[in-house]
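# Residue-level structure breakdown
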Amino acid sequence: MTINIIVRAAGLALPAALSLLLQGCNSEPESEATGAASEAPAAAVSITGPWTRETAQGQSAGGGFMTIANPGSAPDRLVSGTSPAAGEVQIHTVSMDGGVMRMRQLEDGLEIPAGGTVELKPGSFHIMLIDLAQPLKAGSKVPLVLHFEKAGNIEVELDIRLVTATGPAASMDHGGMTGHAG
């Protein structure tokens, strides 16, 4: 059984809350009534270099890019996302079909292999921010929550780069977040 807990500082109660959280993370997983083997522990996932490009006035969609690493021993899956900057967040891939580049939504999400890394980049896997609330302006950030099958929800901020950007700024990896389910 996986439980995601957010602990906020609350005076002197924080040490007790952290102690309980750590005890819960270290406890043995419950076995199913049938006696089947327990599931593998959830994989930790890390995200580096989250970025997007600025959009023009009236442009209703933008792409999100980053590198997702799964150092764990079990695969995980990016299944969806949410952002207050967009009405909808989708996971997409790009393919060539008769010399035409086509983009399509990955209905089942994107697998992040055990011990592997997946790069979301222009012309490949990426996040689509659809029905933007307002244009994305270079120098700002876009809040984004990514939903993983095992790692749970991970909050990131996409650095908004110039429309000509081809990748994250080398010094901007500090926007990445690491998350795991305990």
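Everything numeric here is computed off the predicted structure, so don't read it as measured data.

## A few points about the overall build of the protein
- Looking only at helices and strands, the protein has one helix and 11 strands in total.
- Reading the secondary structure of the protein in the N-to-C direction produces α-β-β-β-β-β-β-β-β-β-β-β.
- Counting over 182 residues, the protein shows a buried share of 35%.
- Contacts in the protein between residues at least 24 apart in sequence constitute 67% of all its contacts with a sequence separation of at least 6.
- Approximately 10600 Å² of the protein is accessible, and the part contributed by carbon and sulfur atoms is 54%.

## As for unusual backbone geometry
- The backbone of aspartate 131 sits at a positive phi, close to 60°, despite the residue not being glycine.
- Note on placement: aspartate 131 falls in strand E8 (residues 126-132).
- Judged by relative accessible area, which is 52%, aspartate 131 ranks as exposed.

## Observations concerning the pattern of salt bridges
- Scanning the entire structure with this criterion turns up three salt bridges.
- With its nearest N and O atoms 3.4 Å apart, the salt bridge here joins glutamate 111 to arginine 77. One end of the pair, glutamate 111, is in strand E6 (residues 110-112); the other, arginine 77, is in strand E3 (residues 76-82), with 34 residues separating them in the sequence.
- The exposure class of glutamate 111 is partly exposed, given its relative accessible area of 40%.
- Taking relative accessible area as the criterion, arginine 77 reaches 21% and is therefore assigned partly exposed.

## A look at the nonpolar core
- Counting 27 residues, the largest nonpolar core has Met66, Ile68, Ile127, Leu129, Leu144, Leu146 and Phe148 as its most contacted members.
- Counting only elements with at least two residues in this core, the list comes to strand E1 (45-53), strand E2 (61-70), strand E4 (86-97), E6, strand E7 (116-120), E8, strand E9 (141-148) and strand E10 (152-161).
- Look past the residues within four positions of phenylalanine 148 in its chain and what remains in contact with it is Val45, Ile47, Ile68, Asp76, Arg77, Leu78, Val79, Ile112 and Ile154.

## Considering the environment of aspartate 159
- With respect to the helices and strands, the residue aspartate 159 is situated in strand E10.
- For aspartate 159, a relative accessible area of 4% corresponds to the buried category.
- Separated by 10 residues in the primary sequence, aspartate 159 and alanine 169 have C-alpha atoms spaced 8.9 Å apart.

## So, the pairing of E8
- Buried residues dominate E8, accounting for five of its seven residues.
- Pairing of E2 with E8, which is carried by four bridges, proceeds in the antiparallel orientation. When the bridges of E8 are listed, glycine 63 appears paired with methionine 128.
- Judged from the six bridges that link them, E4 and E8 form a sheet pairing that is antiparallel. Bridge assignment links glutamine 90 to a residue of E8, and that residue is methionine 128.

## Here's the deal with the environment of serine 83
- Considering the arrangement of structural elements, one finds serine 83 in the loop between E3 and E4.
- Taking the C-alpha atoms as reference points, serine 83 and leucine 146, separated by 63 residues in sequence, lie 8.9 Å from one another.
- A polar contact is formed between the side chain of serine 83 and the backbone oxygen of proline 143, at a distance of 2.6 Å.

## Side note on the side chain of glutamine 90
- Its place among the elements puts glutamine 90 in strand E4.
- When its relative accessible area of 11% is taken as the criterion, glutamine 90 is described as buried.
- A distance of 2.7 Å separates a polar atom in the side chain of glutamine 90 from a polar atom in the side chain of glutamate 88.
- Engagement of the side chain of glutamine 90 in a polar contact is seen with the side chain of histidine 92, the distance being 2.6 Å.
- The residues touching glutamine 90, leaving out its near neighbours within four places in the chain, are Gln105, His126, Ile127, Met128 and Ile130.

Reading the values: the criteria
- Residues numbered from 1 in each chain as written.
- Predicted model: local features only at pLDDT ≥ 70, side-chain atom pairs only at ≥ 80, totals over all residues.
- Heavy atoms only, no water.
- Helix = DSSP H or I, 4+ residues; strand = E, 2+ residues; numbered from the N terminus.
- Buried < 20%, exposed > 50% of the residue type's maximum accessible area, 1.4 Å probe, protein only.
- Contact = heavy atoms within 4.5 Å.
- Areas by Shrake-Rupley, 256 points an atom, 1.4 Å probe, with all protein chains shown as cover.
- Salt bridge = Lys/Arg side-chain N within 4 Å of Asp/Glu carboxyl O.
- Core = buried A, V, L, I, M, F, W, Y, C linked by side-chain atoms within 4.5 Å.
- Pairing = 2+ DSSP bridges.
- Polar contact = N/O pair within 3.5 Å; in protein donor to acceptor, adjacent residues only side chain to side chain.

Function-wise, these values are silent; they only describe arrangement.
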